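# Observations on the three-dimensional arrangement
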Amino acid sequence: MNLTRRLLLTLCVVAIAGCASGPKFSEMQSKMPTLKASEGRIYVYRDSAFGAAMVPAVLVNGQEAGRSMANSFFYIDRPPGEYKVSATTEVERSVSLVLAAGESKFVKSSIGFGLFAGRPNFELVNEAAGRAALQSLSYSGK
Amino acid sequence: MQSINLYDSSDTLAASVADGCDAQPLVIAASKKTQLNQILERFMRHPFIEVVAIVWVGLLCAGCAPEIGRTAIPYVQNNGTKEVIQLTQSTTVPNYSGAGTTLFIGTRWDHVGEVAHGKVYRSKDSVFFLRGANTHEAYLVVKGKKLVGFYLPGDKAWSVLEPSLDIEFGVN
């Protein structure tokens, strides 16, 4: 096997390793606990395979809540308040948001271009678009 | 006593390390160095290399938006009557997200509070955010018919918009 083939094979393995293999949102939905009245829910999802090899940890107010994996999502329930969702590769990027009781917030993560490695990006998405995007994604939460 | 000798002649690149014993010199063949140089030179002379470099630097710069300026500010929540405004004209806010952020005609905004600079309105139909180096959920701060800045609830901070913008809306 020449060097190019080995390199391609390695890239494929790394990319596949960065893809989530959990149950789809449609399968998960019925198993997901009902949101408590005193809490809100933050969904974090990544609906692109670009930069699949980059799987940064996603922190919510400094605590690891999951990983930003290609074509995957996870969620975290938290009391109302201010939250910073962040991830770090060669730089740290974050989104700051406020969460109300009974509210669901949707954070779309992606990987952009960087100097040496892809950089994480976050944007907020409205509920309708967020739920639509989740349908085809796999659960990567704990 | 340890001595390190590095030398580069036209034919060989060699490093020898002697620590008082009979150390063997490590020699890297000059042909390999020449090959590497040739590959590198050929690569640098490739007609597309400048285009690739420009695109790469451009993409890199696109990811280097400055952070949004903000200062902490007291916020008073509106617990009274919820006034809703509806934009009657689209407005593009420059200096955010590089290309600007557009507040679209027809979008509705709830009056949710006050800051010292004006009334605070949260998007009723969607979620509004500003993106610099990082992303911030944002509410509009309106004084009269002027958009004067943004309240960033996740940061409990105020971000001024200079110059302020005229904003056209009706009250529902």
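Every chain's residues receive numbers from 1 upward, in the order its sequence appears when written. For this description, chains carry letters from A and ligands carry numbers from 1, given in the order in which they are written. Local features in this predicted model are restricted to residues of pLDDT 70 or higher, and side-chain atom pairs are both shown and tallied only at a pLDDT of 80 or more, whereas totals for entire chains, interfaces and linings draw on every residue.

## Structural notes on the interface of chain A and chain B
- Contacts between the two partners involve 19 residues from chain A and, on the opposite side, 16 residues from chain B.
- Only DSSP runs of H or I reaching four residues or more are called helices, and only runs of E reaching two or more are called strands; each is numbered from the N terminus. Breaking the side of chain A that touches chain B down by element, the ones donating at least two residues are β5 (81-88), β6 (92-99) and β8 (119-125) of chain A.
- Taken together, the residues of the side of chain A that touches chain B break down into nine nonpolar, five polar and five charged.
- Following DSSP output, two strands are said to pair if at least two bridges run between them. The pairing of β6(A) with strand β12 (residues 135-137) of chain B spans two bridges and is classified as parallel. By the bridge assignment, A:Ser96 is partnered in β12(B) with B:His136. By definition, residue pairs are in contact when their C-beta atoms, positioned from the backbone, come within 7 Å. Under the scheme applied, nonpolar residues are Ala, Val, Leu, Ile, Met, Phe, Trp, Tyr, Cys and Pro; charged residues are Asp, Glu, Lys and Arg; polar residues are all the others, including Gly.

## Regarding the confidence of the model for chain B
All names here are of chain B.
- For every residue, the predictor reports its confidence as pLDDT, a number between 0 and 100. Taken residue by residue, chain B gives an average pLDDT of 79. The fraction at 70 or more is 73%.
- Note that residues 1-26 has pLDDT below 50 and, in this model, 22 contacts with residues that lie over four places away or in other chains.
- Scored as a complex, the prediction yields pTM 0.74 and ipTM 0.82.

## Comments concerning the nonpolar core
- Grouped together as the largest cluster of nonpolar side chains are 42 residues, with contacts concentrated most on A:Ile42, A:Tyr43, A:Val44, A:Phe73, A:Val85, A:Val107 and B:Leu140.
- Among the elements that make up this core, the one with the highest residue count is strand β14 (residues 146-152) of chain B (five residues).
- With near-sequence residues (within four places) excluded, A:Ile42 lies in contact with A:Val60, A:Tyr75, A:Ile76, A:Arg78, A:Tyr83, A:Val85, A:Leu99, A:Lys105 and A:Val107.
- Definition of nonpolar core: a set of buried Ala, Val, Leu, Ile, Met, Phe, Trp, Tyr and Cys residues joined via C-beta atoms within 7 Å. Burial is judged by counting the other C-beta atoms within 10 Å of a residue's own C-beta: 20 or more makes it buried, 12 or fewer makes it exposed, and any count in between marks it as partly exposed, with every C-beta position built from the backbone. Among the nonpolar cores identified, the runner-up in size contains six residues, and A:Met54, A:Val55, A:Met69 and A:Ala70 belong to it.

## Points about the pairing of strand β2 (residues 57-60) of chain A
All names here are of chain A.
- Looking at chain direction, β2 and strand β3 (residues 63-67) are connected through four bridges and run antiparallel. What sits directly across from Val 60, in β3, is Gln 63.
- With antiparallel pairing between neighbouring strands as the criterion, β2 and β3 make up a hairpin whose turn holds two residues, including Asn 61 at a positive phi of roughly 50°.
- Pairing of β2 with β5 involves three bridges; the strand directions are antiparallel.

## Digging into unusual backbone geometry
- Cis geometry is found at the peptide bond from B:Glu162 to B:Pro163, where omega equals -5°.
- Mapping B:Pro163 onto the fold places it in strand β15 (residues 157-166).
- Phi angles above zero are rare outside glycine, and A:Asn61 is one such case at about 50°.
- Along the chain, the position of A:Asn61 falls in the loop between β2 and β3.
- Here B:Lys156, not a glycine, exhibits a phi torsion of approximately 50°, which is positive.
- Here B:Lys156 is to be found in the loop between β14 and β15.

## Some remarks on the pairing of strand β10 (residues 118-123) of chain B
All names here are of chain B.
- As defined by bridge partners, strand β9 (residues 108-115) adjoins β10 across six bridges and the pair is classed as antiparallel. By the bridge assignment, Val 115 is partnered in β10 with Gly 118.
- Count of turn residues in the β9/β10 antiparallel hairpin: two residues.
- Here three bridges tie β10 to strand β13 (residues 139-143), and the two strands are oriented antiparallel to one another. Pairing of Lys 119 across the sheet is with Val 142, part of β13.

## Considering the sheet that holds strand β1 (residues 40-46) of chain A
Residues and elements named next belong to chain A.
- Ordered by their spatial adjacency, five strands build an open sheet running β8-β7-β1-β4-β9, and the pairing between neighbours is mixed. Edge positions in the sheet fall to β8 and β9 (138-139), since each has one partner strand and no second.
- Inspection of the sheet shows β1 paired to strand β7 (residues 104-112) by five bridges, in the parallel sense. Note on β7: the bridge partner recorded for Tyr 43 is Phe 106.
- Helix axes are fitted to C-alpha atoms over the stretch in contact, other axes to C-alpha atoms as well, and angles between N-to-C directions run from 0 to 180 degrees. Of the strands in this sheet, β1, β4 (72-78), β7 and β8 touch helix α3 (residues 127-134), which is tilted by about 55° from β1.

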